[in-house]
Every structure is written in C-alpha cells, then in structure tokens.
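What follows is the residue order along each chain.
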Amino acid sequence: MAGSMNRVTLIGNLGQDPEIRSTQSGGKVASMSLATSESWTDKHSGDRQERTEWHRIVVWNEGLIGVIEKYCAKGDKVLVEGTLRTRKWVDQNENERYTTEIVLSGYDSQLILLGSPNRAGQQGSERAATPRQRETAGATGGFTPGMGADLDDEIPF
C-alpha cells in the first residue's frame, strides 16, 4: 500500500446546541455532538430496530465556526467531513482517558447544513435561510444573507 487516507463523512442530527469556546491564543473552537442512526427490520421477529451512534465533532476552521454560531442548533441535520483523531488526556482522578473525535480544520474540512426542523417557520429571522443558502454556507465556509436568493436554477438551454 503506497499511502493512506484519514477521511470521515457523516450525515446526522445535532444532539445539542453547538458549544463555542475561546482559546488562550484568542481563536475559537466549536464542539458539537452528532447522532447518526441506522434502522432495519429484525429477520426473526419482524420488528423495526434502530441503532444510534454519537460522534464528537470539533471545529477549528474559523469560517465554519461563524456559520455554526449563526445557523446551527439542536436537531439540525448536517453533513460534516473531516479527519478522525484520537487524543489522550488525564481526568481529575489522574486516570488516562482517550477521546476519538471528527476534527474539521483547514481547507479540506466541510460542513453542509441540510435542514433546520426547529426553525422552519422563522422567515424573518437571520437564522432562517433557504436550503440553497445553507448549502452555499457549508461549501464556502461563510454565509452572506441574501446571497444566491435571486438565482434561477433553470438551465437556459
């Protein structure tokens, strides 16, 4: 094997409002919990089964943090793309602990806002955006209200 790749892409719902903190150097970091679910029908009983996995997302990309601050809330459906990292830390009882996170930093990370079930009726709010505006926010790392709102999606030929 000539190389390797560390890439994670998840689509899920935010389990709580994102937490934005300031670092000692004056930067910002965002952390979120993301739930992904799978469902199936049990072969033996015929009952519907579901399994939910929780993922810790840490964002160091300042442009994405701005989008997260303005437009993300508990329950929102998002797509995140980043790298998988496991870090070691020591708890209060001096036990070594490990945490595995999906880290979004640099130009190759991505956050796409797929839906906002909590704010569907807030048309006058700055937090309410069309699906196209939300996708644009994720693709560029920033969002300008009104940007793309008057674009026609029809191909002229």
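Residues numbered from 1 in each chain as written. Predicted model: local features only at pLDDT ≥ 70, side-chain atom pairs only at ≥ 80, totals over all residues. Heavy atoms only, no water.

Per an unreviewed UniProt entry, the protein is named Single-stranded DNA-binding protein, and its organism is Acidiphilium rubrum. UniProt, in its Subunit (unreviewed entry) section for the protein, records the words "Homotetramer." Of the comments in the UniProt record for the protein, the one headed Function (unreviewed entry) reads "Plays an important role in DNA replication, recombination and repair. Binds to ssDNA and to an array of partner proteins to recruit them to their sites of action during DNA metabolism." (UniProt positions renumbered as here; feature names shortened; annotations may be inferred.)

Peer 1: Got a sec to walk through the overall build of the protein? Specific residues and values, please.
Peer 2: In terms of helices and strands, the protein carries two helices and seven strands. Along the protein, helices (α) and strands (β) appear in the sequence β-β-β-β-α-β-β-β-α when read from the amino end. With 157 residues in all, the protein has 33% of them scored as buried. (Helix = DSSP H or I, 4+ residues; strand = E, 2+ residues; numbered from the N terminus. Buried < 20%, exposed > 50% of the residue type's maximum accessible area, 1.4 Å probe, protein only.)

Peer 1: Give me the lowdown on the side chain of Ser 31, citing residues and values where you can.
Peer 2: Summarising the element assignment, Ser 31 is placed in strand 3 (residues 28-41). What makes Ser 31 buried here is its relative accessible area of 4%. Polar side-chain contacts of Ser 31 include one of 3.1 Å to the side chain of Arg 21. Residue contacts for Ser 31: discarding those within four places in its chain leaves Pro 18, Glu 19, Arg 21, Arg 56 and Ile 57. (Polar contact = N/O pair within 3.5 Å; in protein donor to acceptor, adjacent residues only side chain to side chain. Contact = heavy atoms within 4.5 Å.)

Peer 1: Can you lay out the pattern of salt bridges for me, pointing to particular residues and giving the numbers?
Peer 2: Overall, the coordinates contain nine salt bridges when judged by the stated rule. Between Arg 56 and Glu 101 there is a salt bridge whose closest N-O contact spans 2.9 Å. Here Arg 56, found in strand 4 (residues 48-59), pairs with Glu 101, found in strand 6 (residues 96-104); they are 45 residues apart in sequence, far enough to count as distant. Relative accessible area serves as the criterion here: at 6%, Glu 101 is assigned to the buried category. Linking Arg 87 and Glu 101 is a salt bridge whose minimum nitrogen-to-oxygen distance equals 3.0 Å. You can see Arg 87 sitting in strand 5 (residues 77-90) and its partner Glu 101 sitting in strand 6, a full 14 residues away along the chain. Residue Arg 87 is classed as partly exposed on the basis of its relative accessible area of 37%. Connected through salt bridges with shared partners, the residues Arg 7, Glu 81 and Asp 108 form a single ionic network. (Salt bridge = Lys/Arg side-chain N within 4 Å of Asp/Glu carboxyl O.)

Peer 1: Tell me about helix 1 (residues 62-71), residues and numbers included.
Peer 2: Residues Leu 64, Ile 65, Val 67, Ile 68 and Tyr 71 constitute the buried set of helix 1. One face of helix 1 carries all of its buried residues, which in axial projection span an arc of 160°. Between the side-chain oxygen of the N-cap and the backbone nitrogen of Gly 63 there are 3.0 Å, and the N-cap of helix 1 in question is Asn 61. (Arc of directions from axis to C-beta.)

Peer 1: Mind laying out unusual backbone geometry, listing which residues take part and the relevant values?
Peer 2: Its identity is not glycine, yet Glu 94 carries a phi of approximately 65°, on the positive side. In this fold, Glu 94 is placed in the loop between strand 5 and strand 6.

Peer 1: Residues and numbers for the nonpolar core, please.
Peer 2: Ile 57, Val 59, Val 80, Leu 104 and Leu 111 are the most contacted members of the largest nonpolar core, which totals 20 residues. Every element with two or more residues in this core is listed here: strand 1 (8-14), strand 3, strand 4, helix 1, strand 5, strand 6 and strand 7 (110-115). For this core, the leading source of residues is helix 1, giving five residues. (Core = buried A, V, L, I, M, F, W, Y, C linked by side-chain atoms within 4.5 Å.)

Peer 1: Lay out the confidence of the model for the protein in plain terms, naming residues and giving numbers.
Peer 2: Put simply, the protein has an average pLDDT of 81, and 73% of its residues get 70 or more. Confidence over residues 120-151 falls short of pLDDT 50; this stretch has 46 contacts with residues more than four positions distant or in other chains. (pLDDT = per-residue confidence, 0-100.)

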